Amino acid sequence: MAMAASISNSTNITYSRRYQHLGSSIKPSQLPSQFKIFKSTSSSSSIQKPSFRISASMSIEATQKAPQVSFLDRKESGVLHFVKYHGLGNDFILVDNRDSVEPKVTPEQAVKLCDRNFGVGADGVIFAMPGMNGTDYTMRIFNSDGSEPEMCGNGVRCFARFIADLDNTQGKQSFTIHTGAGLIVPVIQDDGKVKVDMGEPVLKALDVPTKLPANKDQAVVKAGLKIDGATWNVTCVSMGNPHCVTFSTSECKNLLVDDLNLSEIGPKFEHHEVFPARTNTEFVQVFSRSHLKMRVWERGAGATLACGTGACAVVVAAVLEGLSERICTVDLPGGPLEIEWREEDNHIYMTGPAEVVFYGSVLL
């Protein structure tokens, strides 16, 4: 049998997805109140189970309400309850894992869940886990290819909204999160956006890491990197995860990022031998000293609509190359982020949205 989920909001955007093998596991009482279950006339010759259609109508007002915690609290063997969020289109499956230090999903299962044709569909699976070293929570993430990055900027904003929704809290609030990149402190603002202290950028070449020789105070700034016969000018930055940022080539002083074939060039950066831990790559177009546009090829996820740590790395690289001020709007395919690299504390602050997409359950 099959299950179809159709979710729409007042902006007339419709989201649909088909799931396999769920019908016998979900009862009306298990779903949030906005879900209604209907019998479907669809059938399968190989699986003799009842079919259902989940239909949900979400208004803008409905998405501002906290989720029903009882839905996620249900304990059923082999069933994963989750909430899907997105930050500027960079989407994640959020799992309440606060009762265990081990993820409820394996990397192999994460790959299947993230599949956009045969799974839920996402850029990664994020786990809210017990805090470590005095922090309130721990965040871990598996990419869509099953790899585990140190951190994710858009993911941490979604994580913050998820925690606030789990605790059913409203208004401005902050908490501490332990990540593979260190301590991260998000603040949910009164307007609902999340501002995150992303910490200090790492510029020392060996710590990024990159094998490119340092050319400016142990950092790699506007260094030449040959790929397919072209020399790209790159600056390397770590935001707890490695980034290679490029604004130009030897033949083109200002990239037109919309003209790039990301699926062709991106993997060649990611897997280049000068990046021993692979790398995220940002291709950047400069509009002004306070307005940048980027496209990203993410390590382990490929082309995505947004990358928070990437936007932070872009502003750091732009400042180091003398192309921008320390406060910038960075346009990504999914929308803009506000990035500030403060001179007084050397910390980078990222501000942007995080929104609920839908709730769901899936058999593992």
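Note: the structure precedes this text.
This report concerns the structure included in the present document. (Residues numbered from 1 in each chain as written. Predicted model: local features only at pLDDT ≥ 70, side-chain atom pairs only at ≥ 80, totals over all residues. Heavy atoms only, no water.)

1. What about the nonpolar core?
Within the largest apolar cluster, 58 residues are counted, with the highest numbers of intra-cluster contacts made by Met-294 and Ile-339. Per-element accounting of this core gives the leading share, nine residues, to helix α6 (residues 308-320). Not counting chain neighbours up to four residues away, the residues in contact with Met-294 comprise Glu-282, Phe-283, Val-284, Cys-307, Gly-310, Ala-311, Val-314, Val-330, Asp-331, Leu-332 and Pro-333. The next biggest cluster of nonpolar side chains, apart from the first, holds 20 residues, and it includes Ala-223, Leu-225, Leu-262 and Val-274. (Core = buried A, V, L, I, M, F, W, Y, C linked by side-chain atoms within 4.5 Å. Buried < 20%, exposed > 50% of the residue type's maximum accessible area, 1.4 Å probe, protein only. Helix = DSSP H or I, 4+ residues; strand = E, 2+ residues; numbered from the N terminus. Contact = heavy atoms within 4.5 Å.)

2. Re the environment of Pro-333
Here Pro-333 is to be found in the loop between β19 (327-332) and β20 (335-341). Residue class for Pro-333 comes out partly exposed when judged on its relative accessible area of 47%. When residues no more than four places from it in sequence are discounted, the contact partners of Pro-333 are Met-294, Arg-295, Thr-304 and Leu-305.

3. What about helix α4 (residues 153-166)?
In a regular helix each residue adds 1.5 Å, so 14 residues correspond to 20 Å; α4 covers 20 Å between its end C-alpha atoms and thus fits that length. With 14 of 14 residues buried, α4 lies mostly within the body of the structure. The first or second residue beyond α4 is Asn-168, which carries a positive phi of 55 degrees. (Expected span 1.5 Å × (residues − 1).)

4. Describing the side chain of Asn-233
Relative to the elements of secondary structure, Asn-233 occurs in strand β14 (residues 230-238). Of note is the side chain of Asn-233, whose polar atom sits 3.5 Å from the backbone oxygen of Thr-249. Sequence-distant contacts of Asn-233, defined by excluding residues within four places in its chain, comprise Lys-222, Ala-223, Val-245, Thr-246, Phe-247, Ser-248, Thr-249 and Ser-250. (Polar contact = N/O pair within 3.5 Å; in protein donor to acceptor, adjacent residues only side chain to side chain.)

5. Notes on helix α5 (residues 262-270)
Among the residues making up α5, those that are buried are Leu-262, Ile-265, Gly-266, Phe-269 and Glu-270. Burial along α5 is one-sided: seen end-on, the buried residues are contained in an arc of 140 degrees. Summarising the contacts, the buried residues of α5 are in contact with β13 (223-227), β14, β15 (242-249), β16 (280-288), β17 (291-298) and β18 (302-304). (Arc of directions from axis to C-beta.)

6. Observations regarding the environment of Thr-249
Looking at the secondary structure, you find Thr-249 in strand β15. A residue is classified by how much of its surface remains accessible, and Thr-249, at 14% relative accessible area, is buried. Remark: the alpha-carbon pair of Thr-249 and Trp-232, spanning 17 residues in sequence, is separated by 4.2 Å.

7. Here's the deal with the pattern of salt bridges
Applying the stated criterion across every chain yields a total of 15 salt bridges. Across the pair Glu-148 and Arg-140 runs a salt bridge whose closest N-O atoms are separated by 2.7 Å. Glu-148 sits in the partly exposed class, given a relative accessible area of 40%. Accessibility expressed as a relative area gives 24% for Arg-140, which makes it partly exposed. (Salt bridge = Lys/Arg side-chain N within 4 Å of Asp/Glu carboxyl O.)

8. So, the environment of Asn-133
You can see Asn-133 is positioned in the loop between β7 (124-130) and β8 (137-143). For the pair formed by Asn-133 and Ile-177, sequence separation is 44 residues and the distance between their alpha carbons is 9.9 Å.

9. What about the pairing of β19?
Every second residue of β19 is oriented toward a common face, the buried set being Cys-328, Val-330 and Leu-332 and the non-buried set Ile-327, Thr-329 and Asp-331. The sheet contact formed by β17 and β19 spans three bridges and is parallel. Each bridged residue has a counterpart across the sheet, and for Leu-292 the counterpart in β19 is Val-330. One ladder, built from six bridges, connects β19 with β20; its direction is antiparallel. Among the inter-strand pairings, Val-330 is bridged to a residue of β20, identified as Leu-337. As consecutive antiparallel partners, β19 and β20 are separated by two residues. (Pairing = 2+ DSSP bridges.)

10. Topic: the pairing of β13
By the alternation rule, side chains of β13 split into Ala-223, Leu-225 and Ile-227, which are all buried, and Gly-224 and Lys-226, of which none is buried. Pairing of β13 with β14, which is carried by five bridges, proceeds in the antiparallel orientation. Its bridge partner being in β14, Ile-227 is matched across the sheet by Ala-230. From the end of β13 to the start of β14, which pair antiparallel, there are two residues, and Asp-228 there has a positive phi angle of about 55 degrees.

11. Concerning unusual backbone geometry
Along the chain, Val-208 connects to Pro-209 via a cis peptide bond; the corresponding omega equals 0 degrees. On the secondary structure map, Pro-209 appears in the loop between β12 (194-197) and β13. Backbone geometry places Asn-133, a non-glycine residue, at a positive phi of 55 degrees. Although it is not a glycine, Arg-278 sits at a positive phi angle of roughly 60 degrees.

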